[in-house]
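This is what each chain is made of:
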Amino acid sequence: MTTTIQYTLSGLAIGGIYALVALGFHIMWSAAKAVNFAHGDTLMLGAVLAVVGVDAGLPMPIACLLAIVAGGVFGVLLERFAMRPFTVAANSIGWMLTTIAVGVMIEALATLQFGGFSRPLASPGVKSAVHIFGAGVYPQELLIPAVAVLVMIGLRLMQRHTLIGRAMQAVAHDKRAAALMGINVNRIVAFSFGLASLFGAAAGVLVAPVIQVSASMGALLGLKGFAVAIIAGITSAPGVVIAGLCFGVMEKFVEGYISTSAREIIGFGVMILVLLAFPQGLFGKREVLKV
Amino acid sequence: MRYLVPFGFLVFAAILVAVPLMASNEYELRLFMLFLIYGMIAVGLNVLVGLTGLVSLGQAGLFALGSYSGAILAMRLGFDIVAACLGAAVVSAAFGVLLAYPTVRVRGVYLAVVTIAFGIIVENVAIEWQSLTGGTTGLSSIPKPNVFGVRLSGFAFYGILAVTLFVLTLLIHNLKISRFGRTMLAVSQSETASRALGINSTGLRTMAFVISSITAGIAGTFYAFLNSYISPDIFTFSDSVRFLLMVILGGAGSTFGPVIGAYLLTYLPEYLQQFQLWQKFAYGALLLIVMFVLPRGIVGTLKYAFDRLRPADPVPDAADGMSVENSLRYEKKMLAAELVATSLTVRFGGLSALTKASLRVKGGEIHALIGPNGAGKSTFVNTISGFYLPDEGRCEFDGVELIGRRSLDIARLGLARTFQNTELFGELSVLQNVMAGYDQRLSYGLFQALLRTPRMRREEIECRRAAVGLLAFVGLSQYANEEARFLPFGLQRRLEIARALASKPRLLLLDEPAAGLTTQEIDDLEAMIRRIAELGISILLIEHHVDLIMALADNVTVLDYGQVIASDAPAAIQVDPRVIEAYFGTSIAHAETAA
């Protein structure tokens, strides 16, 4: 019983991270029908910069805030200079290659600067564990899934009730029509990438106290975030959050009862099977091809 | 130009023969053999990246899969190098299908992610399945390369690698210039148009990925024999990036580009060894630079420059073309192409775009479908051509139910269409566009394409002649070698008609073919449609231009607010009060009393 609760709670924590990353992919896909393949590295950047900031003597909250903002700026710049030149032509794969290239470069740079070692971010969230039915978790771990759900609700409210949120939905639906209605599509896309990257970097900062921060941490977390987006259906915001949390819990159980290697095999295996059975994802809507 | 590719293969063969004679030591030869192995991966990956425009970041995983399969077959079952390669090819082909099919039918973008994940799965299975793979320590007692139990010398092994790469390059060149290469490029340009022409986009993308899996699998087996030791950590994500970079740097879609890219990226790390830490960064930076500075890659850029310098290819002589009478005419007894749509209803959310719309196109007639903007005409066309699924209703084509069939199957039944906003294969030449339309009439298969059998050549010549004839028919002969996207709009419309006709349809759907055309062009269009009808092809014409309809149509159906309000001969439609009301908002009688 205790083990079950333990696995569920730690699974929700890591699942919250996947949910935040997947939410970023959802936002980018909606805006541009393209995503930033360096999104995992945005997460890494957030975590690493937070640690570097604390090392430099900044107070923890300031360091975290700066790291998140830096992640957002990174996303905006990446969209402007690496993606936009290639998303103009239809069916271009250029943006995939350029964002992959930037991701590889950022990871290599971070390895050079940050070294091969990994370390956690000291945070009040992991000072002492709380006990729930005998299972010990850090408050930080409880915070992560809550943040993921709140961010999703916040995104929903923004899309429903603010001008920019409605503009985002308009662009997602039909870029050309949105532009004809006077929406600055480029600005909305840039905003979306910035927002997605803020969430990505925030996920990095949130996970930094729980797992080891290293230059290579982003690749796998980013990939799993995308896997979650595929499983849920990249078009559904609540879907990716639910799928993310479930995926995290599933991982912890597999890891606990079988092994870490089995975790990766089963996790990605599930993604391929879901894709086979539900091409649009579990919560995704079938996109009507406009002819 | 015709001799450039054979000349390239000659030079390539000469280099492959010369290198072992000039190699000063074993290390040099071994490095060159490593290049040959990487070359195989790059040449195969080129089919996926260069032709279908998809990205795989899991080639290292497939390479590892092939390596382990080959090594295990050789160690456990005593397979020689040829049998081990075949075994590895079968295993990687199976995984290729498993990965590609579910992925590419949804979104091409997903393939990049699924392949990265596959690389991780392979790595972890290799670590976990210790009894078979030796876990993290890997496999170290891989036998020396042998064929039928005869041990190969270093040079003989080199010979096998060189011949394999040469043959693979040749086969994939053959694939590129066959119907498969052409339709793969077409799918990467417009999936919608491909489907409407009966081209199976999912099948072609899966095929491209499987080809790239097989080559990676074979290369993996050779690698296992060359290295005689493999472990999970040899095959990394950064290798996948490197393999992709080989294709992009050399020139995606070109015949020799990937080989050149593989050569550069095999030798470059040797020179960069002292900057080991910067090596990964360099791959990323190089990829970024290539994308901005040389997006066509080395060979692609050279070809582009060369094409601009030399005189343009002569356009094919229209006299060589097959006349449309020969290539399209049906026998009289086949004339029955009849389309009967019965009470079709299509709803989008709460909006009903079509409500119980019925229509009958009799065999051999020109039937016009008219109606004000938003009446549901395009919805109707998209529904019968299989792009939308109606909520209710039936639609039969010569007694065959169309509803529920995929658009590509409907196209293969003999129903061709054009698009309101043209959907050409922009980067293909005008002639290639029409030849892609002819695809469903070709019957040669993959092996015939790879080997360029006489049958393949015969069918290709026939296809080309029919396409040249069709271009003459629509008056585009002089533009045959232009890229379709550079044609002016009016000519793009004609090209779409030629492409649709290439499939030898029995019913042609023309979705607003006169929109945006000048009066002169509309007159030409009228003559063209009449000639098409004379060939015995039934036509459903969706149009606004009343003059055109009155001149051409045998029968007219009028849609308004998704409902059929009249269906009759043109003369009767012209005076039908409901039609006038739909178009002008008031009936004549009402207008007269008002006056």
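Conventions we followed
- Residues numbered from 1 in each chain as written.
- Chains lettered and ligands numbered in written order.
- Predicted model: local features only at pLDDT ≥ 70, side-chain atom pairs only at ≥ 80, totals over all residues.
- Helix = DSSP H or I, 4+ residues; strand = E, 2+ residues; numbered from the N terminus.
- Buried ≥ 20, exposed ≤ 12 C-beta atoms within 10 Å, placed from the backbone.
- Contact = placed C-beta atoms within 7 Å.
- Axes fitted to C-alpha atoms, helices over the stretch in contact; angles between N-to-C directions.
- Parallel < 35°, antiparallel > 145°, perpendicular 65-115°, else oblique.
- Left-handed = near helix turned anticlockwise from the far one by under 90°.
- Core = buried A, V, L, I, M, F, W, Y, C linked by C-beta atoms within 7 Å.
- Domains from an automatic or database assignment.
- Nonpolar A, V, L, I, M, F, W, Y, C, P; charged D, E, K, R; others polar.
- Pairing = 2+ DSSP bridges.
- Right-handed = clockwise from strand over helix to strand, strands pointing away.
- Expected span 1.5 Å × (residues − 1).

Engineer: Which residues make up the overall build of chain B, and what values go with them?
Structural biologist: The helix and strand tally for chain B stands at 26 helices and 12 strands. The proportion of buried residues among the 595 residues of chain B is 51%. Restricting to contacts in chain B with at least 6 residues of sequence separation, those with at least 24 account for 75%.

Engineer: Help me get a handle on the packing of helix α2 (residues 39-55) of chain A against helix α4 (residues 94-114) of chain A, residues and values and all.
Structural biologist: All names here are of chain A. As a packed pair, α2 and α4 sit with axes 10 Å apart at the nearest point and diverge in direction by 25°. One way to sum up the angle between α2 and α4 is to call them roughly parallel. α4 is crossed by α2, and the crossing has left-handed handedness. Across from D41, M44, L45 and V48 in α2, the residues of α4 making contact are G103, I106, E107, A110 and F114.

Engineer: Provide a residue-level description of the environment of F348(B), including the pertinent values.
Structural biologist: Topologically, F348(B) is positioned in strand β3 (residues 339-348). Taking the C-alpha atoms as reference points, F348(B) and P390(B), 42 residues apart in sequence, are found 9.9 Å from one another.

Engineer: How would you explain the nonpolar core if you had to name every residue and give the values?
Structural biologist: In a soluble, globular protein the nonpolar side chains are often hidden away together inside. Of all hydrophobic cores here, the largest spans 299 residues; its most connected members are A47(A) and L471(B). No other element matches helix α1 (residues 2-32) of chain A, which puts 16 residues into this core. Summarising the domain contributions, this core has at least three residues from each of domain 1 (4-240) and domain 2 (327-594) of chain B. Residues within four places of A47(A) in sequence aside, it is in contact with L121(A), G204(A), V205(A), V207(A), A208(A), V213(A) and M217(A).

Engineer: Give me the lowdown on the interface of chain A and chain B, citing residues and values where you can.
Structural biologist: With 33 residues of chain A in contact, the opposing surface of chain B contributes 37 residues. Of all the secondary-structure elements, those providing two or more residues to the side of chain A that touches chain B are α4, α9 (217-232) and α11 (260-277) of chain A. The leading source of residues in the side of chain A that touches chain B is α4(A), at 12 residues. In terms of residue class, the side of chain A that touches chain B is built from 26 nonpolar, 6 polar and 1 charged.

Engineer: Describe the sheet that holds strand β4 (residues 351-361) of chain B, naming the residues involved and giving the relevant values.
Structural biologist: Residue and element names in this part refer to chain B. A sheet is described by the order of its strands in space; here 4 strands give the open sequence β4-β3-β6-β7, paired in antiparallel fashion. Every interior strand has two partners, whereas the edge strands, β4 and β7 (400-401), have only one. Along the sheet, helix α16 (residues 377-384) contacts β3, β4 and β6 (392-397); its crossing angle with β4, the most-contacted strand, is approximately 65°.

Engineer: Please provide a residue-by-residue account of the sheet that holds strand β11 (residues 555-560) of chain B, values included.
Structural biologist: Residue and element names in this part refer to chain B. If you trace the 6 strands from one edge of the open sheet to the other, you get β8-β9-β10-β5-β11-β12, paired in mixed fashion. With partners counted over all chains shown, the strands left at the sheet margins are β8 (415-417) and β12 (563-568), one partner each. The average undirected angle you get between the axes of adjacent strands in this sheet is 15°. For β11 and β12, the ladder comprises 5 bridges, and the chain directions are antiparallel. When the sheet's bridge partners are listed, T557 is paired in β12 with S567.

Engineer: Please give an account of the environment of L424(B) that cites residues and values.
Structural biologist: All names here are of chain B. Its location among the elements puts L424 in the loop between β8 and α18 (430-437). We classify L424 as buried; it has 23 C-beta atoms within 10 Å. For the pair L424 and A514, spaced 90 residues apart in sequence, the C-alpha separation works out to 17 Å. L424 has contacts with A193, N433, A484, R485, Q492, L495 and E496, leaving out every residue within four places of it along the chain.

Engineer: Tell me what's going on with the pairing of β4(B), and back it up with residues and numbers.
Structural biologist: Residues and elements named next belong to chain B. Across 7 bridges, β3 lies against β4 in antiparallel orientation. Residue L339 lies in a different strand from β4, and its bridge partner there is V361. In this antiparallel pair of consecutive strands, β3 and β4, the connection spans 2 residues, and G349 shows a positive phi of 60°.

Engineer: I'd like a description of the pairing of strand β10 (residues 538-542) of chain B, backed by residues and values.
Structural biologist: Side-chain positions along a regular strand alternate between the two faces of the sheet. All names here are of chain B. Most of β10 is tucked away, with 5 of its 5 residues classed as buried. The two faces of β10 match: S538, L540 and I542 on one face and I539 and L541 on the other face are all buried. With 4 bridges joining them, strand β5 (residues 366-370) and β10 adopt parallel strand pairing. Bridge pairing links I366 to I539 in β10. As judged from the 5 bridges shared by strand β9 (residues 507-511) and β10, these two strands associate in the parallel manner. The partner of L507 across the bridge, within β10, is S538. Between the parallel elements β9 and β10, the chain passes through helix α22 (residues 519-534) in a crossover that is right-handed.

Engineer: So what's going on with α1(A)? Which residues, and what values?
Structural biologist: Residue and element names in this part refer to chain A. Taking 1.5 Å of rise per residue, 31 residues should cover 45 Å, and α1 covers 45 Å from first to last C-alpha, within 8% of that figure. Among the 31 residues in α1, 24 count as buried, and that is most of the element. Directly beyond the C-terminal end of α1, a positive phi value near 50° is found at K33.

Engineer: Tell me what's going on with the packing of helix α2 (residues 26-51) of chain B against helix α11 (residues 237-250) of chain B, and back it up with residues and numbers.
Structural biologist: All names here are of chain B. α11 packs onto α2 with a crossing angle of 70° between their chain directions and a minimal axis gap of 9 Å. In this view, α2 runs roughly perpendicular relative to α11, as classed from their interaxial angle. Crossing angle aside, the handedness with which α2 passes α11 is right-handed. On α11, the residues touching Y38, I41, A42, L45, N46, V49 and G50 of α2 are F243, L244, M246 and V247.

Engineer: So what's going on with the domain arrangement of chain B? Which residues, and what values?
Structural biologist: All names here are of chain B. Per the domain assignment, the segments making up chain B are domain 1 (4-240) and domain 2 (327-594). Measuring from the centre of the C-alpha atoms in domain 1 to the corresponding centre in domain 2 gives 43 Å. Secondary-structure elements contributing two or more residues to the side of domain 1 that touches domain 2 are α7 (154-176), α8 (179-189) and α9 (191-196). Top contributing element to the side of domain 1 that touches domain 2 by residue count: α8, with 7 residues.

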